[in-house]
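The lines below spell out each chain.
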Amino acid sequence: MNDLPLLPGNRFSDVTRTNFIVPRTLSFKNGHRIVRLPRLGIGQTYKPNVELTEDEREILNNFQPELIYGKVKVKEYRKFVPASVHYDKKVLRFYGYFKQTIYDSPLEYYRVRRVIVYYYLEDDTIAIYEIPYKNSALVQGMRVRRHRISKNDHNEPYNWRDLNLGQNLAIYGTVYRLCVCDQFTKEWLESEGIELQCPELIPSDPYTLKLIEKNESEKQRMNHSDLKEILPDRLAKQPIISNRKILSMDGKVLRFYAIIDDHDQECDILRKFIIHFYLVDNTIEIREVHRDNDGYDPIGVYLHRQIVPKDSNYNILESFVNLFINKHEQEKICYFTLEDFAIGRHVTIFNRIFFLYDCDTFTKSFYHQHFGQIDFTPIDIDTKNNNNKPPVQLPPVPPHIMFGKPEDTIQNVKSLLPKPVKKDRIKLMENENRVLRYEAMMDGDCQRKFLIVYRLADDLISVYEKPLDGYGCSTRKFLERIRIPKPDSHPDVPMYYGPNDFYIGAHIELFKHPFIIIDADRYVLKFIEENRLQFSQHVIDSLRQKLCPDNENNNQMETPQL
């Protein structure tokens, strides 16, 4: 039947069959895959049970394809790493410069400005940073922020292949010259097959060369002179300060304390000043020391830092600006130096007479080391100022308005913006949660008993009334916690009750309510024993007789035997 050709009429399949389901050979049991032989064929038709013979099973078990075909080579694929991750934080750094043309200057016609060019391999961006120099009066720092920069009219960005030593980069109308690179840049470019050119030196501009020549000639002329030869007037007259003086005197300032000596003007307020003398360039700065309600504008700097001539009425200063004075006339001007300042001297600065009465520790040590001075006794300016002036009468404190506390009234007198009274924080911490409790009765009413609680932290007193026997009511508050003044004290300067005023039998008056102390807590006696110097002897004796009568009797009996 299998030898018949596949021609019409020679087919023996069931054409009426519509079920063509393929039986499953894999199944899952308890989460495990199980291989099973199908018992039915395609379309759920009967399939004879075909099993392998023992020879076929042995062949399949002993079959080793590696011996025949060799071991299968499994190709391992490399893990893909994007360029943004591979080149992250990898930057090429070049050092270079660009020349800036200077117009209308007889000293220089161009200026060399040093820059650092950063090339980020992550995204082919470039950033240019100019190295800042102090006191250059130039806008320095970041010149070109990080972004892709086009190198031609076709908007093609710069690539790391375009960077090399001795090469010019035209970026936004400025030509940058690359001279040197760091070690990482050199090794990375050589690993990529780029041959670096020889490094170049960054040139100096003409103005810098002139300054170097002047400094060298100044050093040779000084010939290692002493410090006393550096300090006098001649350096104040020179427009250029030597490098040695800058290095030795930079940051060293002499400080004098002075007052304005104005006997002709009637002024009750003593104006104090601080005079700073800068050793590096012999300049002077004056600052005023302000006090509360002194009546002067709160301006800290009285005179800005500058060189000060001794004679401020010199005719050249009145008619010309100091910058345009020629060298011959400038040498005639005498400026203040170190020798003009000392304790007890009067110094006239721009028609203001300052009296120097003291100086700081560094100034004293400096004058002792370089000038041999020993006497630095400060002058009492209060005594000096009050010799010729009558004593100042302070305005009286206004009386208490009986609204609030007297301390608040005094704070309103001291300043326009009153501040709360400062508390004794040490006393608060030492006596926290420590109270003295006394039992008292009201004078004239022996049935009512009260509990007086005295807080040692802030001297506040509170009063509680004890319940009467048979009434069934609880303890109620009689007086809130408050500082209580004594009845015989003045309302403007009140005297408050203290722990020394409470003892057995003491009569106290709390806001016109008379009380008599009849008993106290044992902690009161313990506190008094620990702080005997703060209490009177009769206070200690009264509490001992009440709280420790046995000890008192024993002491009295033993005294005659001694």
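All values reported here derive from a predicted model rather than from experimental measurement. (Residues numbered from 1 in each chain as written. Predicted model: local features only at pLDDT ≥ 70, side-chain atom pairs only at ≥ 80, totals over all residues. Heavy atoms only, no water.)

Colleague: So what's going on with the overall build of the protein? Which residues, and what values?
Modeller: Tallying secondary structure elements over the protein gives 17 helices and 20 strands in all. Looking at the protein residue by residue over its 562 residues, the buried ones come to 29%. Long-range pairs, those at least 24 residues apart, make up 47% of the contacts in the protein with a sequence separation of at least 6. Accessible surface for the protein amounts to roughly 41100 Å². Of this, 52% is attributable to carbon and sulfur atoms. (Helix = DSSP H or I, 4+ residues; strand = E, 2+ residues; numbered from the N terminus. Buried < 20%, exposed > 50% of the residue type's maximum accessible area, 1.4 Å probe, protein only. Contact = heavy atoms within 4.5 Å. Areas by Shrake-Rupley, 256 points an atom, 1.4 Å probe, with all protein chains shown as cover.)

Colleague: Residues and numbers for helix α15 (residues 522-530), please.
Modeller: What α15 keeps buried is the set V524, L525, F527 and I528. Around the axis of α15, the buried residues are gathered within 165° of arc, so they sit on the same side. Summarising the geometry of α15, the exposed residues directed more than 90 degrees from the buried face are R522 and E530. Tucked inside the fold, the buried residues of α15 contact β15 (435-442), β20 (514-520) and α16 (537-547). (Arc of directions from axis to C-beta.)

Colleague: Account for the sheet that holds strand β10 (residues 272-278), naming residues and giving values.
Modeller: Within the open sheet, the six strands sit side by side as β12-β11-β10-β9-β14-β13. Their pairing is antiparallel. Each having just a single partner strand, β12 (301-306) and β13 (346-349) make up the two edges of the open sheet. With direction set aside, neighbouring strand axes in the sheet form an average angle of 35°. Note: β10 against strand β11 (residues 283-289), seven bridges, orientation antiparallel. Paired with Y278 across the bridge in β11 is T283. Of the strands in this sheet, β9 (253-260) and β14 (352-359) touch helix α11 (residues 361-370), which is tilted by about 115° from β9. (Pairing = 2+ DSSP bridges. Axes fitted to C-alpha atoms, helices over the stretch in contact; angles between N-to-C directions.)

Colleague: Outline the packing of α15 against α16, listing residues and values.
Modeller: Taken N-terminus to C-terminus, the directions of α15 and α16 make an angle of 140°; their axes are 10 Å apart at the nearest point. When the axis of α15 is compared with that of α16, the two are oblique. Of the two elements, α15 crosses α16, and the hand of that crossing is left-handed. In contact with R522, V524, L525, I528 and E529 of α15, α16 contributes V539, I540, L543, R544 and L547. (Parallel < 35°, antiparallel > 145°, perpendicular 65-115°, else oblique. Left-handed = near helix turned anticlockwise from the far one by under 90°.)

Colleague: Summarise the pattern of salt bridges; cite the residues concerned and give the values.
Modeller: One pass over the structure, following the stated rule, counts 22 salt bridges. Between R271 and E288 there is a salt bridge, with the nearest N and O atoms lying 3.2 Å from each other. You can see R271 sitting in the loop between β9 and β10 and its partner E288 sitting in strand β11, a full 17 residues away along the chain. Here E288 falls in the buried class, since its relative accessible area comes to 11%. Across the pair R544 and E529 runs a salt bridge, and its minimum N-O distance is 2.9 Å. Residue R544 is located in helix α16, and its partner E529 is located in helix α15; the two are separated by 15 residues in the primary sequence. Taking the relative accessible area as the measure of exposure, R544 reaches 21% and is therefore partly exposed. (Salt bridge = Lys/Arg side-chain N within 4 Å of Asp/Glu carboxyl O.)

Colleague: Which residues make up the side chain of R111, and what values go with them?
Modeller: Inspection of the secondary structure assignment puts R111 in strand β4 (residues 110-120). Of the polar contacts made by the side chain of R111, one reaches the side chain of E108; its length is 2.6 Å. Dropping the residues within four chain positions of it, R111 is found in contact with F98, K99, Q100, I102, L138 and D205. (Polar contact = N/O pair within 3.5 Å; in protein donor to acceptor, adjacent residues only side chain to side chain.)

Colleague: I'd like to hear about the pairing of β10, residue by residue, with values.
Modeller: Burial analysis of β10 places six of its seven residues in the buried class, the great majority of the element. Looking at chain direction, β9 and β10 are connected through seven bridges and run antiparallel. For Y257, the partnering residue across the bridge sits in β10 and is I274. Connecting β10 to the next strand, β11, in antiparallel fashion are four residues, including N282 with a positive phi near 60°.

Colleague: For a nonpolar patch on the surface, give the residues involved together with the corresponding values.
Modeller: A cluster of nonpolar side chains, contributed by F20, V22 and I42, occupies part of the molecular surface with about 320 Å² of accessible area. Residue placement: V22 occurs in the segment before β1 (26-29). (Patch = residues over 30% accessible without salt bridge, like charges linked within 9 Å, V, L, I, M, F, W, Y side chains within 5 Å.)

Colleague: Now, about the packing of aromatic side chains: what can you tell me, with residues and values included?
Modeller: In this description, an aromatic ring pair is defined by two values, namely the gap between the centres and the angle between the planes. Tallying each qualifying case throughout the model produces 22 aromatic pairs. Between the aromatic rings of W160 and W188, the centroid separation amounts to 5.0 Å while the plane-to-plane angle is 85°, which identifies the pairing as edge-to-face. Remark: W188 occurs in helix α4 (residues 183-191) and W160 occurs in the loop between β6 (141-147) and β7 (168-171); sequence separation between them is 28 residues. Like W188, W160 is buried. Where F450 meets F515, the ring centres are 5.1 Å apart and the plane angle is 85°; that geometry is what we call edge-to-face. (Phe/Tyr/Trp six-rings, centres within 6.5 Å; stacked < 30°, edge-to-face > 60°.)

Colleague: Describe in detail the environment of M142, supporting the description with residues and values.
Modeller: Residue position: M142 is located in strand β6. As for M142 and P132, which are separated by ten residues in sequence, their C-alpha atoms are 9.5 Å apart. With residues near it in sequence (within four places) discarded, M142 still touches I128 and Y129.

Colleague: Account for a positive patch on the surface, with residues named and values stated.
Modeller: Taken together, the side chains of K405, K423, R425 and R483 define a basic patch exposed on the protein surface. Tracing the backbone shows R425 in helix α14 (residues 425-430). (Lys, Arg positive; Asp, Glu negative; His and termini not counted. Charge placed at Lys NZ, Arg CZ, Asp CG, Glu CD.)

Colleague: Just give me the short version of the nonpolar core, but keep the residues and values in it.
Modeller: With 30 residues, the main nonpolar core has Y438, I452, I461, F502, I508, L510 and I517 as its most contacted residues. Those residues in contact with I452 that sit more than four places away from it in its chain are L436, R437, Y438, A440, I461, S462, V463, F502, I508, L510 and I517. (Core = buried A, V, L, I, M, F, W, Y, C linked by side-chain atoms within 4.5 Å.)

Colleague: Got a sec to walk through the environment of A520? Specific residues and values, please.
Modeller: Locating A520 in the fold gives a position in strand β20. Along the primary structure A520 and K546 are separated by 26 residues, whereas in three dimensions their C-alpha atoms are 8.4 Å apart. When sequence neighbours within four positions are dropped, the list of residues in contact with A520 reads R437, Y438, E439, I504, L543 and L547.

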